[in-house]
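Chain by chain, the residues:
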Protein chains: 2
Amino acid sequence: MVFFMALIVKKFGGTSVADADCIRRVAGIVADDYAEGHDIIVVLSAQGDTTDDLIEKAGELNATPSRRELDMLLATGEQVSIALMAIALEKMGLPVISLSGRQAGIRTNSDHGNARIERIDVERIKNELDRRTIVIVAGFQGVDKFDDPTTLGRGGSDTTAVAVAAVLHADRCQFYKDVEGVLTCDPRKVPGAQKLDEITYDEMMELASLGAQVLHNRSVQMAKRYGVELEVRSSFEPRKRGTIVKEVTNLEKTRISGVAKDTNTARIAIIGLRDEPGIAFKLFRVLSKEKIVVDIILQSIGRDNSKDISFTVAKSDLDAAVTALENQKQALGFEKLDVSDTVAKVSIVGAGMMTASGVATMMFEALYDAKVNINMISTSEIKISVLVHEEEADRAVAAIHRKFFED
Amino acid sequence: MVFFMALIVKKFGGTSVADADCIRRVAGIVADDYAEGHDIIVVLSAQGDTTDDLIEKAGELNATPSRRELDMLLATGEQVSIALMAIALEKMGLPVISLSGRQAGIRTNSDHGNARIERIDVERIKNELDRRTIVIVAGFQGVDKFDDPTTLGRGGSDTTAVAVAAVLHADRCQFYKDVEGVLTCDPRKVPGAQKLDEITYDEMMELASLGAQVLHNRSVQMAKRYGVELEVRSSFEPRKRGTIVKEVTNLEKTRISGVAKDTNTARIAIIGLRDEPGIAFKLFRVLSKEKIVVDIILQSIGRDNSKDISFTVAKSDLDAAVTALENQKQALGFEKLDVSDTVAKVSIVGAGMMTASGVATMMFEALYDAKVNINMISTSEIKISVLVHEEEADRAVAAIHRKFFED
């Protein structure tokens, strides 16, 4: 798509603005697009490791600072980025203004550290754009009803970019990353990884949840809800078309959009559960009470009127899950737990994949050829995941990728 | 004076909050006063060299950034300080909240980089104090009618402290410095320097303008206008009484409050000016057009119906002054300029000094004994200044101090 006089939101992460040279390079990208006649809003993260450095400074004084004060502290990071970017664009003789989350009208609830955007008062941004001013907005932050700075938590700057694009009906929201777009696989692991031209929101979210962390799911979800067209571009090749993320892609054929690996997973097998109604409900209630999210679930018939249930959790939740289950051993009435944290989840993602025959077969064939043993299998509308041994995961990814993309 | 349940504003400079240890020490001082039952407002500067570092970062990108964006950048410095201080006080289990200039209701005009406080909306601070919360306010900053951060320029944090103390009718505004109070002389130069118990606003301002930069004149002026009692204390001996600055001091006898030296001065002598009406006016108009502030002025009769006028300017204005005068040489009709930048101004300051006989005589006697040659003399209600050779200035200060304070 070619835009004439479009409104474009461009988001750059912390490494893209880490120092003066980086900032000048981003300013150049912005200036080029502005020169083509577009209205430009730039959303920035804090420079490099600034946020971590600030958290460390707070930690020296207090291991458990209030989230309100931590937000006061962290909100300065993006304010520095946006002011410096504006100063760099002024140097190029361009009309520009930087706006903190508050000045940009980003109103949130008071859940400090993980605030939700409630509305955006766009008056100020609109006025600036009307004057053909380039608007630089601080990502990751807003202000609550008490007029206190808040931060949006993980993926916050991406969320800011999508939210601003949504309320202003921007023509596109571009994310500049250190990759050329969304790839079919991790390029550090699979040399044949290919850039996708287009991908749907759902596929993007599946890929993200599988460890291919290009865009945070929260922002993709919001983009889907408000129909904001996203584009992932390389900050090193800014003129090159990246990957478009939208509701429906133009490709009609069933396709696989990527292969991903997630090693942040552990498997728990509960052996010898009583086979009675409601036992699964009781079991998973124990875990949800502890806020443990369960991923793949597999149930199998055991011996002697008992059954086994296996499931995966995030590695960081493993100990808590085991403790919670052992505490309820009597109530749940199981024989024993079998735990493994040397597993990895390997998945293929693709829209409409499950309706096409043969995709699962091709995947399992690839794994069989590569002599990778499958522990568990899970499927959804746009994803097939298998649990394999951690040490076999890379081999599994490479084999599947070869089968679908390189053969 | 002993305060029962007073409202105290405490201001700490950048070196007092430079790192975690410093912040903890200040937090201890604040906690002690809070424990005595006082309501406490703390005004802080940015940590250590933060402001200079930020200016340098901007300078890498643009030698002449807009003041608006520079203020966006600089305002982050104090926000970091106040958040960290709040986090340190939280660790001690105390109720505390940090407020940026904007959150504290400090409304200024839009003269970025040198903004004037127009009013303070005290609602938020009052509400917090009512709940017995310690309020930490960012110095040096406010917000203008466009909701953009502004900075107050030189001495800005001191000004914030006095302004907040004024509108809230604080019982005292305490400045913690790296000296034990206002001294009669620079202790690095004169070992016999003594701490003053009390000093008037006017004396304080004269001392400040003479290079004894304890408090910025802008803040002292404001304190005088609104009758805010100031106290200069040592941050190293926080429990020790410092110097009180107020309208009228209790001491009735004529006294000298201090001896000060200012080496940021240069002398210009205009030789052979036509002795005609209005020549002084024309001369100083040339300088005021260039915004050059003239200090001591001396006029003397020259030869042949001409006269000489000598005056001092700040060293940084010397070149501009000489250029401006040379450009108008024809119009002004003088013979030549004689310039010296190796001079220093040495002054004694004291309320009601000029009405007491003998003070000037004592000063000149001290200089005579020390064999210091006097270039120019200037007097005011509370000050006597002499211009001497730069190299003799320290000897002059020591001699005068000995005469008045140590004999």
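No experiment lies behind these values; they were computed from the predicted model shown. (Residues numbered from 1 in each chain as written. Chains lettered and ligands numbered in written order. Predicted model: local features only at pLDDT ≥ 70, side-chain atom pairs only at ≥ 80, totals over all residues.)

*Asks:* I tried to follow the overall build of chain A on my own but got confused; where do I start?
*Replies:* A tally of regular secondary structure across chain A gives twelve helices and 20 strands. Relative to its length of 407 residues, chain A is compact, with a C-alpha radius of gyration of 24 Å against a globular reference of 22 Å. By its C-alpha atoms, chain A is 80 × 55 × 35 Å across when sized along the principal axes. For chain A, the proportion of its 407 residues judged to be buried stands at 47%. Sequence-distant contacts in chain A: of pairs separated by 6 or more residues, those separated by 24 or more amount to 74%. (Helix = DSSP H or I, 4+ residues; strand = E, 2+ residues; numbered from the N terminus. Rg over C-alpha atoms; globule rule 2.2 N^0.38 Å. Buried ≥ 20, exposed ≤ 12 C-beta atoms within 10 Å, placed from the backbone. Contact = placed C-beta atoms within 7 Å.)

*Asks:* How should the interface of chain B and chain A be read in this particular structure?
*Replies:* Counting from both sides, the interface comprises 27 residues of chain B and, opposite them, 26 residues of chain A. Where the side of chain B that touches chain A is concerned, the elements lending two or more residues are α1 (20-35), α2 (50-61) and α3 (67-91) of chain B. The element contributing the most residues to the side of chain B that touches chain A is α3 of chain B, with 14 residues. Tallied by class, residues from the side of chain B that touches chain A come to 14 nonpolar, six polar and seven charged. (Nonpolar A, V, L, I, M, F, W, Y, C, P; charged D, E, K, R; others polar.)

*Asks:* I would appreciate a short explanation of the environment of methionine 5 of chain A in the present structure.
*Replies:* On the secondary structure map, methionine 5 of chain A appears in the segment before β1 (7-12). In this structure, the C-alpha to C-alpha distance between methionine 5 of chain A and asparagine 327 of chain A, residues 322 residues apart in sequence, is 63 Å.

*Asks:* So what exactly am I meant to see when it comes to the packing of helix α5 (residues 156-167) of chain B against helix α7 (residues 217-226) of chain B here?
*Replies:* When two helices pack together, their arrangement is given by the angle between the helix axes and the distance between those axes. All names here are of chain B. Here α5 crosses α7 at 10°, and the two axes come no closer than 8 Å. If you check the angle between α5 and α7, you find them roughly parallel. Side by side, α5 and α7 meet where Asp158, Thr159, Val162, Ala163 and Ala166 of the first sit next to Arg218, Ser219, Met222, Ala223 and Tyr226 of the second. Residues that form the contact of α5 with α7 fall into these classes: six nonpolar, two polar and two charged. (Axes fitted to C-alpha atoms, helices over the stretch in contact; angles between N-to-C directions. Parallel < 35°, antiparallel > 145°, perpendicular 65-115°, else oblique.)

*Asks:* How should the sheet that holds strand β2 (residues 39-44) of chain B be read in this particular structure?
*Replies:* Strand pairing in a sheet takes place through backbone hydrogen bonds and is either antiparallel or parallel in direction. All names here are of chain B. Here eight strands make up an open sheet; going across it, the order is β3-β6-β2-β1-β9-β11-β12-β10 and the pairing mixed. This sheet does not close on itself; its edge strands, each paired only once, are β3 (96-99) and β10 (198-200). Averaged over all pairs of adjacent strands, the angle between strand axes in this sheet comes to 20°, irrespective of strand direction. One ladder, built from six bridges, connects strand β1 (residues 7-12) with β2; its direction is parallel. (Pairing = 2+ DSSP bridges.)

*Asks:* Sorry if this is basic, but what is going on with the relation of the copies chain B and chain A here?
*Replies:* Think of it as a corkscrew move, a rotation about one axis and a shift along it, taking one chain copy to the other. Once turned by 180° and shifted 0.0 Å along the axis, chain B lies on chain A with an RMSD of 0.2 Å. Taken together, the rotation angle and the small translation identify this as a two-fold axis. Within chain B, the C-alpha atom positioned nearest to the axis of rotation is that of threonine 76 of chain B, 2.6 Å from it. Taken together, the interface assignments show that 96% of the residues at the interface of chain B recur at the interface of chain A, consistent with an identical surface on both copies. (Least-squares fit on C-alpha atoms with pLDDT ≥ 70 in both.)

*Asks:* Where do I start with helix α11 (residues 359-369) of chain A in this structure?
*Replies:* Since the α-helix turns once every 3.6 residues, residues separated by three or four places project in the same direction. Residues and elements named next belong to chain A. For α11, every residue scored as buried is listed here: Val359, Met363, Ala366 and Leu367. Projection of α11 onto a plane perpendicular to its axis shows the buried side chains occupying an angular sector of 95°, all on one side. The outward face of α11, more than 90 degrees from its buried face, is lined by the exposed residues Thr361, Tyr368 and Asp369. Of the surrounding elements, those touching the buried residues of α11 are β18 (343-349), β20 (383-389) and α12 (393-406). Of the residues trailing α11, lysine 371 is marked for its positive phi of about 55°. (Arc of directions from axis to C-beta.)

*Asks:* Help me out: how do you make sense of the confidence of the model for chain A in this one?
*Replies:* Detail in the predicted coordinates should be disregarded across regions flagged by low pLDDT. For chain A, the mean per-residue pLDDT works out to 89, and 94% of the residues sit at or above 70. This complex was scored by the predictor with a pTM of 0.80 and an ipTM of 0.77. (pLDDT = per-residue confidence, 0-100.)

*Asks:* Please clarify how unusual backbone geometry should be interpreted in this entry.
*Replies:* Keep in mind that most residues, glycine aside, have a negative phi and that most peptide bonds are trans. Despite not being glycine, arginine 132 of chain A shows a phi value in the positive range, around 65°. If you trace the backbone, arginine 132 of chain A turns up in the loop between α4 (123-130) and β6 (134-138). Phi is positive for lysine 291 of chain B, which is not a glycine, with a value near 60°. Looking at the element boundaries, lysine 291 of chain B is found in the loop between α8 (279-289) and β15 (294-301).

*Asks:* Quick question: what am I supposed to make of α7 of chain B here?
*Replies:* Residues and elements named next belong to chain B. All buried positions along α7 are accounted for by Ser219, Val220, Met222 and Ala223. Burial along α7 is one-sided: seen end-on, the buried residues are contained in an arc of 160°. Where α7 terminates, the next one or two residues include glycine 227, which has phi positive at roughly 65°.

*Asks:* Is there a simple way to think about the pairing of strand β11 (residues 230-234) of chain A in this case?
*Replies:* Each regular strand shows side chains that alternate between the opposite faces of the sheet. Residues and elements named next belong to chain A. Here β11 lies mainly inside the structure; four of its five residues are buried. As paired elements, strand β9 (residues 172-177) and β11 share five bridges and run parallel to each other. Within β11, the position partnered with lysine 177 by the bridge is serine 234. Direction of pairing for β11 relative to strand β12 (residues 243-246): antiparallel, over a ladder of three bridges. Paired with valine 232 across the two strands is threonine 243, which belongs to β12.

*Asks:* Explain the sheet that holds β20 of chain A here, please?
*Replies:* Residues and elements named next belong to chain A. Pairing within the open sheet is antiparallel, and its four strands lie in the order β13-β18-β20-β19. Of all strands in the sheet, those with a lone pairing partner are β13 (258-262) and β19 (376-380), marking the two edges. Within the sheet, the average angular offset between the axes of one strand and its neighbour, ignoring direction, is 20°. By the bridge criterion, five bridges tie β19 to β20 in an arrangement that is antiparallel. What sits directly across from threonine 379, in β20, is isoleucine 384. Against the sheet, α12 contacts β13, β18 and β20, and its axis sits at roughly 15° relative to β18.

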